[in-house]
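Coordinate analysis (summary)
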Amino acid sequence: MRHFSKAVFGFAECRGEAAALARALKARSAEVSVHRFPDGESLVRVPAAAKDAILYRPLHHPNPKLVEVIFALSALRANGAKRIILVAPYLPYMRQDKVFWPCEALSQKVLGTMLSRWCDVIVAVEPHLHRTRTITGVFPGRRGVAVSGALALARYFKGNGIAKDTFVLGPDEEAYRSAQPFAEALRLQWGTAVKKRRGDNKVAVRLPNAARLKGRPVLIVDDVISTGATVIAAASVAKRAGATSVAAAVVHALYDRRAAQAIKRAGIRSVVSCDGVPHPSNKVALAPDLAAAIKALR
Ligand code: R5P
């Protein structure tokens, strides 16, 4: 077995992004191998040992990936890793941070406790935190680092140009977390809509200050597009308010082809996303932001 002082370990489906992070950190890169048995179990093998080990895997569609990640983390530790950093650009289960109805699992706490057992630092991009105020609060006894995806998106628009009169719209009250830093970085006007979710695919969005959108291009900025219901409803109210065009920028694009078609049909001109979740809309590489966050750790 090879021994590295520092290495980034990725999985097959995120090979390119893991290698980009390794390059940005001037570290070695290696791929975790996973053999899937016919009965659905996974045999996980890390190809090298590293004192300073960084395991990279976006955890959208998380359930099968989580088991393999824990196996990989355990193998890295058993083979001498002194510090293990888990980079999960998309960190799942952050929204279930409270028992909303009796007898539900408190998923955020369970996940946080489980990952804390196996690594020292957890790095995520724009984690969806609400009642738990900091990412470190999710991981008992460990350090969490939240990297801003909104600022990475702003960097992209700074480089590629954006009309000065663009109105940045967060599609719900919580979206100020992405919309505000994005808009401020680009000196654009911003505001948020008000959303009521009526089901997984059903939302109602209204605009408190609709007049501000009249005659201007609107860019909807959010942390996640999943079913597309939120961005579609927000686009519809923006158009009704007189927006000249509607486009979207999102940190994590979790939506499938069907949702992409619905987004197109809704007249949303384009969607730009970060590459923390591999997706056809990816335009923004997060490797520089993730590497800077890891280098800043002491
Ligand atoms: C909600 O709290 C998030 O910020 C997103 O607005 C939401 O997850 C988007 O989901 P969907 O695309 O399914 O409406």
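First, a word on what this report is: a plain description of the structure on this page. What you see as residue numbers is a count from 1 along each chain, following the sequence as written. Only residues with pLDDT of at least 70 get local features here, since the model is predicted, and only at 80 or more are side-chain atom pairs given and counted; chain-wide, interface and lining totals rely on the full set of residues. Side-chain descriptors were evaluated using all non-hydrogen atoms of the structure, hydrogens and water having been removed beforehand.

Describing the sheet that holds strand β16 (residues 282–284)
To keep things clear, this is the line we draw: When DSSP finds at least two bridges between two strands, those strands are taken to pair. Elements are defined by DSSP. Helices are runs of H or I of four residues or more, strands are runs of E of two residues or more, and each kind is numbered from the N terminus. Axes here mean lines fitted to C-alpha atoms, for a helix over just the part in contact, with angles spanning 0 to 180 degrees between N-to-C directions. Note on contacts: a residue pair qualifies if any of its non-hydrogen atoms lie within 4.5 Å across the two residues.
Read across the sheet, 6 strands follow the order β10-β9-β13-β14-β15-β16 without closing on themselves; strand pairing throughout is parallel. Of all strands in the sheet, those with a lone pairing partner are β10 (189–192) and β16, marking the two edges. Adjacent strand axes in the sheet meet at a mean angle of 30°, parallel and antiparallel pairs treated alike. Where strand β13 (residues 217–225) lies against strand β14 (residues 245–253), 8 bridges are found, and the strand directions are parallel. From the neighbouring strand, Val221 faces β14, where its bridge partner is Ala249. The strands that helix α6 (residues 229–240) touches are β9 (167–170), β13, β14 and β15 (268–274); relative to β13, the one it contacts most, it runs at about 165°.

Focus on the site of the ligand
Formally: Being near a molecule or strand, for a residue, means having at least one of its heavy atoms within 4 Å of it. Pairing of N or O atoms within 3.5 Å defines a polar contact, subject to two protein rules: one partner must be a possible hydrogen donor and the other a possible acceptor, and residues neighboring in sequence count only if both atoms are side-chain atoms. Accessible surface area values rest on a Shrake-Rupley calculation with a 1.4 Å probe, where residue burial reflects the displayed protein chains alone. With a 1 Å grid laid over protein atoms only, a set of points is called a cavity when a 1.4 Å probe fits there but cannot get out and a pocket when it is open yet has protein on both sides within 12 Å along at least five of seven lines; lining residues have an atom within 4 Å of a point. Think of it this way: if more than half of a molecule's atoms are within 2 Å of a pocket's grid points, that molecule is in the pocket or cavity. Three categories are distinguished: nonpolar for Ala, Val, Leu, Ile, Met, Phe, Trp, Tyr, Cys and Pro, charged for Asp, Glu, Lys and Arg, and polar for the others, with Gly belonging to the last.
Every one of the 14 residues lining the ligand counts as a neighbour, but Asp222, Asp223, Ser226, Thr227 and Thr230 are closest to it. Contact distances for the ligand include 3.0 Å between an oxygen atom and a side-chain N or O atom of Arg95. In the complex, 93% of the free accessible area of the ligand, which totals 370 Å², lies under the protein chains. Judged by its atoms lying within 2 Å of the grid points, the ligand is housed in the largest pocket. Residue assignment for the shell around the ligand shows that the elements contributing at least two residues are β11 (194–199), β13 and α6. Looking at the shell around the ligand element by element, the count peaks at 4 residues for β13. Each residue belonging to the shell around the ligand can be placed in one class, and the counts come to 3 nonpolar, 5 polar and 6 charged.

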